[in-house]
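# Residue-level structural notes
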Amino acid sequence: MCAVFDGTSLTVTMQTSLTHTPQNAFSPLKMGPLLVLWLAGCLSGTWAVDRGNFKTCDQSAFCKRQRALKPGQSPYRALLETLELTNTKLTLQLINDNNKVRLLLELYRLQGNMTRVKINELKPLKPRFEVPDVLINDPPTEPLSLLSRDENGVVLSLGADSQRLIVSANPFRLDIMEGREVLLSLNSRGLLAFEHLRIRKDTKVDPGGTENKEETEAANEPAEGEEEKAKEDEKVEDGMWEETFKSHTDSKPNGPSSISLDFSLPGVENVYGIPEHADSLKLKATDGGDPYRLFNLDVFQYEVFNPMALYGAIPVMLSHSAQRTMGIFWLNAAETWVDISSNTAGKTVFGQMLDYVQGSSETPQTDVRWISESGIIDVFIMLGPTPTDVFSQYASLTGTQAFPPLSALAYHQCRWNYNDQEDVAAVDQGFDDHDIPYDFIWLDIEHTDGKRYFTWDPHKFPQPKDMLQGLLDKRRKMVTIVDPHIKVDSSYKIHNEIRSKGFYVKSKDGGDYEGWCWPGNSGYPDFTNPEMRAWWASMFAYDQYEGSMENMYTWNDMNEPSVFNGPEVTMHKDALHGNWENRDLHNLYGLYVQRATAEGLIERSGGVERPFVLTRAFFAGSQRYGAVWTGDNAAEWEHLKISIPMCLSLGLVGVSFCGADVGGFFKSPSTELLVRWYQTGAYQPFFRAHAHLDTPRREPWLFGPENTALIREAVRQRYALLPYWYQLFYHAHHSGQPVMRPLWVEYPQDTATFSMDDQFLLGRDLLVHPVTEEGARGVTAYLPGKGEVWFDVHTFQKHNGAQNLYIPVTINSIPVFQRGGSIIPRKARVRRSSSCMEHDPYTLFVALSPKRFAQGELYIDDGHTFNFDKQKQFIHRRFSFANNALSSRNLAPGSQFTTFSWVEKIVILGASKPSKATLKTPDGKESQLEFEFDASMSVLILRKPGVNAGLDWTVVLQ
């Protein structure tokens, strides 16, 4: 949920009337005149983002200053006489010849084909913020070796494949080369700009921490023998020391501190990543418009195809060409803008043809410029060379996707809000009555006692444990919301403890920072403080969070953080987190909230149970703590479409557990849109329906029996495929490979895939092309891979790869294809919840290919504890079909786990009819299997192998 409450300019998420204002919402008598305006905003019924509440680059002083710098010769020069090379790093001073301020450059060669570049002031007036807690460890280094050196620069070896790093001295520039090819250049356009900390000359105000002032100023003086001291450009521009946006003033006590660096990528036309934006998968050139913005914000009903900032920010960009994939990780948690330009962007098809006819030798190139408000330059260059390599490299830095409980991969039912315990029971029973499986029912803010989190409304939810036990009896679960704004109320235990411990974020004047959010006047816990996080985690203990049980999990919303009356609906940048301003670490706040919550759920179980925590705000590394959703979308076809590239973008930068509110949060979907959204959501990693409190109820059975049947079928397809989903998440957890991925990840040389974002792969082996057009009678899916074959999973019809396939569709259709050469396990017996299916049998779908042997995997554990990791209690099997034999072999001989599940059916697509099928087990037993063969479709079905899913076996066809 989100709202905009910005001084006297107000727009609100809720299209409502006073009679529909949620119980315990703000009281006009208590809140004063601002609330009257807020309510007036409610009554206005605004249904779209008010762009005026959010800054453009021109309205962000540091972005405007930095963007005013145009490409040209850099003022920075490397002082080669200061070069020091140790076994772990190279250090080198840079000097700005315009103002004689010196910077310190540090270069690291990291294990895994990565290079790290850090640039900071040599001697800043006070320390500059460096992002903590995102890297999982101090990245291990490899030695740099000096190949050559002269007055113009140095050449360093990066090890394998003739990779070299060239440091040019004047102007300063870095080039990473492989052989004779330039892979990437830094500062080749001269846009390195580092606003050094300084004392405000016009008022003589010392920003503090200036005990090293004389030493610092001396360091910024020209060394003896240099040319006459240059004039330091200390021109004071608007917004350097104070900035006002609408009614809010940012005091900027440290003055200007922004940083910028440009990267050039020769041979590259395609870049991806830097979520979160409601935009296409392939990032667009930003020439002539705003850069992409990374600044966690609560944005009301965001627009699609827009570079505006949204709820999360991951400063990671991938570049891709048919020759190579690389990544840039800009480790900075301040407000950041990313400019992209390309020498091929905007060329018409005719222009490209003309280049071809005329023999243009211009090499495609993409240039990227990163601009951040504060902190230091700390960038990791991931050199690939394959997509899989880049995913592994990034995972080695920030960790992998948390391995969720199996039930979290099933279907979730939510709205703002289920009214009371009786409502929860009725919805739960409705799923049973209509034979639709689900695993989680969710409660939004109205379940609490007056928006006091960790509490229950005593009238609507008087016996929460009875409610939870009723769900547990059906092997179902609940999620309750716990937001990071705390009602300022002296009778509220949570508030009193946070205040008494001094755990609130502070205002610039040192008092507790307060702002408006759902409870009214709210405090904001300082989650950057590890003591605060530990205390917060302790509040999830069963004896602290009254009414909670083991089948209750958590949802962190509004954690950008959302401040209705703050600038851009968030926290003031000069608010203080210990010694640091919010401007330095703003984008980290949501990560810390989710981390503390996840740690709380782990601690309450004594470290046994895996948590499930959903977050709206996120940063690099958030994948370690749970799931993400795309925020407050709308019941519009464009929002359904954009959910695909939004989740694909997140998967590319580590966050595999992504989904969108099925049906759209705002507005009311048509029945066609709702059905199509269920069909799409069933094939996205996080599958949850959610709706605004003012929308009509939309449980799946409320739209007539025909639509109920369509939704039921989509949900059942999800449940049947849970073994495959679980296996994909197991791999994501271990290797960082995305679950939902663009086609180019698996077909990196196929240029036809580079811009596709209306279809996607799940793992390597399932291709999904959802129907996202209103009234569609057909879709055209691209089936990649020359020599590949793809099988329609519904009809078993075989299609050749490397073609655009037109598929007629009806409202029943969900176009999904299985890759030839793959084996996918499913469970055909769909029950009321995933837990009820735990011991049910498997059906193996074997898709044969003329190009390769067929292979697949099966992963099984208890579905909810850490025993798979701590005690190696899991089953991991490899299925292989070769030479007319299908076998199951153990991939984890050291693991210990048993299952009651068995293989009850094997479906082989693209098969020939055998004369017999023989099952062989390691004990020497052989048995003949019943089978049937459909010659028209070349489908062979082997019935009742009956072998335990955790054992070795072989089926031989003769």
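Refer to the structure printed above.
Structural notes, computed from the coordinates. (Residues numbered from 1 in each chain as written. Predicted model: local features only at pLDDT ≥ 70, side-chain atom pairs only at ≥ 80, totals over all residues. Heavy atoms only, no water.)

### Focus: the side chain of Asp557
Mapped onto the elements, Asp557 comes out in the loop between strand E30 (552-556) and strand E31 (576-577). Overall, the relative accessible area of 0% leaves Asp557 in the buried class. Polar side-chain contacts of Asp557 include one of 3.2 Å to the side chain of Arg616. (Helix = DSSP H or I, 4+ residues; strand = E, 2+ residues; numbered from the N terminus. Buried < 20%, exposed > 50% of the residue type's maximum accessible area, 1.4 Å probe, protein only. Polar contact = N/O pair within 3.5 Å; in protein donor to acceptor, adjacent residues only side chain to side chain.)

### Section: the sheet that holds strand E45 (residues 816-819)
Here we have 6 strands laid out as an open sheet, ordered E38-E39-E40-E45-E42-E43, and antiparallel in their pairing. A strand with exactly one partner marks an edge of an open sheet, and here the two such strands are strand E38 (740-741) and strand E43 (798-800). The pairing of strand E42 (residues 789-792) with E43 spans 3 bridges and is antiparallel. Note that in E43 the partner of Val789 across the bridge is Asn800. (Pairing = 2+ DSSP bridges.)

### Focus on the pairing of strand E55 (residues 939-948)
Here strand E51 (residues 902-909) runs beside E55; their pairing, made up of 7 bridges, is antiparallel. Bridging across to E55, Ile908 finds its partner in Leu940. Pairing geometry for strand E54 (residues 930-934) and E55, over 5 bridges, is antiparallel. Bridge pairing in E55 links Phe931 to Leu942. From the end of E54 to the start of E55, which pair antiparallel, there are 4 residues, and Ser938 there has a positive phi angle of about 55°.

### Considerations on the sheet that holds strand E25 (residues 440-443)
One open sheet accounts for 9 strands, arranged E35-E34-E33-E30-E26-E25-E24-E37-E36; its pairing is parallel. With partners counted over all chains shown, the strands left at the sheet margins are strand E35 (658-659) and strand E36 (661-662), one partner each. Of the strand pairs in this sheet, E30 and strand E33 (residues 613-615) are connected by 3 bridges, and their pairing is parallel. For Asn556, the partnering residue across the bridge sits in E33 and is Thr615.

### Remarks on the nonpolar core
Judged by nonpolar contacts, the single largest core of 175 residues is most densely connected at Phe329, Trp536, Phe612, Tyr678 and Leu762. Here the element with the most residues in this core is helix H13 (residues 637-652); it accounts for 9 residues. Not counting residues within four places of it along the chain, the set of residues in contact with Phe329 comprises Val134, Leu135, Pro315, Val316, Asp378, Val379, Phe380, Met382, Tyr394, Leu397, Thr398 and Ala620. Core analysis: the next-biggest nonpolar cluster, separate from the first, contains 50 residues, Leu165, Leu174, Met326 and Trp370 among them. (Core = buried A, V, L, I, M, F, W, Y, C linked by side-chain atoms within 4.5 Å. Contact = heavy atoms within 4.5 Å.)

### A closer look at unusual backbone geometry
Along the chain, Trp416 connects to Asn417 via a cis peptide bond; the corresponding omega equals 10°. As for its placement among the helices and strands, Asn417 is situated in the loop between strand E24 (411-413) and helix H7 (421-433). A cis geometry characterises the amide bond from Glu560 onward to Pro561, with omega recorded as 5°. Relative to the helices and strands, Pro561 resides in the loop between E30 and E31. Within the chain, Asp435 stands out as a residue other than glycine whose phi angle is a positive 55°. For Asp435, the position within the fold is in the loop between H7 and E25. Positive phi is not limited to glycine here, since Arg475 has a value of about 60°. Note that Arg475 resides in the loop between helix H8 (464-473) and strand E26 (477-481).

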